[in-house]
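# Structure at a glance
Residue strings, one per chain:
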Amino acid sequence: MSKIAYDLSKMRAVVFDIDGVLSPATVSLGENGIPCRMANLRDGYAMQRAIQTGTLDLCIISSADAPGLRERFRNLGVKDIYLNAGDKFEILKYWMERRGYLPEETAYVGDDIPDLSCMRYVGLPVAPSDAAPECRDAARYITKAAGGYGVARELLEQILKVRRVWNTETNKENA
Ligand SMILES: [Mg+2]
């Protein structure tokens, strides 16, 4: 059923990096030098759906910081968004402890060296297909999608299908 060699029925939380995961690793720069990120709308739908079903808790930990980022993910229903993150691992441990999630109940999706300690800590480390080789080595699952092109969709859809809460019918929800 799932392509992921892991018992997805025990997942309770999924943590995402932004750059290289929810947005491509290559971004355009505005004239002010500020990166202009992209968002995948099908990722958005799956994230919204995961939260609405109440079956998965989502968290974002990113060293990036831009006002629009927080707004985008808050609008999808993500409550815990840590931007401008220095030590991602410290934040991850703090968040999991606060929420009571065990490593084996948690997935972390990362694409570069600063994500490695987080990936090694959780039960299900995931990397996009174009992640840094170190992250692909550390990953238990490598998505078919490259960063920014449906990584969250690919992962969440499989978890929600195992839970039988993936809605395959047309509905009015927009991400
Ligand atoms: Mg990244």
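To start, this report covers the structure provided alongside it.

About the thresholds
Residues numbered from 1 in each chain as written. Predicted model: local features only at pLDDT ≥ 70, side-chain atom pairs only at ≥ 80, totals over all residues. Helix = DSSP H or I, 4+ residues; strand = E, 2+ residues; numbered from the N terminus. Rg over C-alpha atoms; globule rule 2.2 N^0.38 Å. Buried ≥ 20, exposed ≤ 12 C-beta atoms within 10 Å, placed from the backbone. Contact = placed C-beta atoms within 7 Å. Pairing = 2+ DSSP bridges. Right-handed = clockwise from strand over helix to strand, strands pointing away. Core = buried A, V, L, I, M, F, W, Y, C linked by C-beta atoms within 7 Å.

## Brief notes about the overall build of the protein
Within the protein one finds six helices and eight strands. Going residue by residue from the N terminus, the α and β elements of the protein occur as β-β-β-α-β-α-β-α-β-α-β-α-β-α. Taken over the C-alpha trace, the protein has a radius of gyration of 15 Å; the compact-globule value for 175 residues is 16 Å, and the two agree within 12%. Burial analysis of the protein (175 residues in total) assigns 38% to the buried set. Taking all contacts inside the protein whose residues are at least 6 apart in sequence as the whole, residues at least 24 apart take part in 56%.

## Describing the sheet that holds strand S7 (residues 124-127)
The sheet built from six strands is open, its strands ordered S5-S4-S1-S6-S7-S8 with parallel pairing. Looking at the sheet topology across the chains shown, the edges are occupied by strand S5 (80-82) and strand S8 (141-142). In terms of strand pairing, strand S4 (residues 57-61) meets S5 through three bridges, oriented parallel. Counterpart to Cys59 in the pairing with S5 is Asp80.

## Side note on the pairing of S7
On S7, burial covers both faces: Leu124 and Val126 on one face and Pro125 and Ala127 on the other are all buried. Inspection of the sheet shows strand S6 (residues 106-109) paired to S7 by three bridges, in the parallel sense. Its bridge partner lying in S7, Tyr108 is registered against Pro125. In this fold, S6 hands off to helix H4 (residues 116-121), which returns the chain to S7; that crossover is right-handed. In terms of handedness, the path from S7 via helix H5 (residues 133-138) over to S8 forms a crossover that is right-handed.

## Comments concerning unusual backbone geometry
Most peptide bonds take the trans configuration, and most residues that are not glycine carry a negative phi. In this structure, Asn84 takes a positive phi of about 55° despite not being glycine. Phi is positive for Arg164, close to 60°, though the residue is something other than glycine. Here Arg164 lies in the segment after helix H6 (151-162).

## Some thoughts on the nonpolar core
Judged by nonpolar contacts, the single largest core of 43 residues is most densely connected at Val14, Val15, Phe16, Ala107, Leu155 and Leu156. Here Val14 is in contact with Leu56, Leu58, Ala107, Leu155 and Leu156, once residues within four sequence places are set aside.

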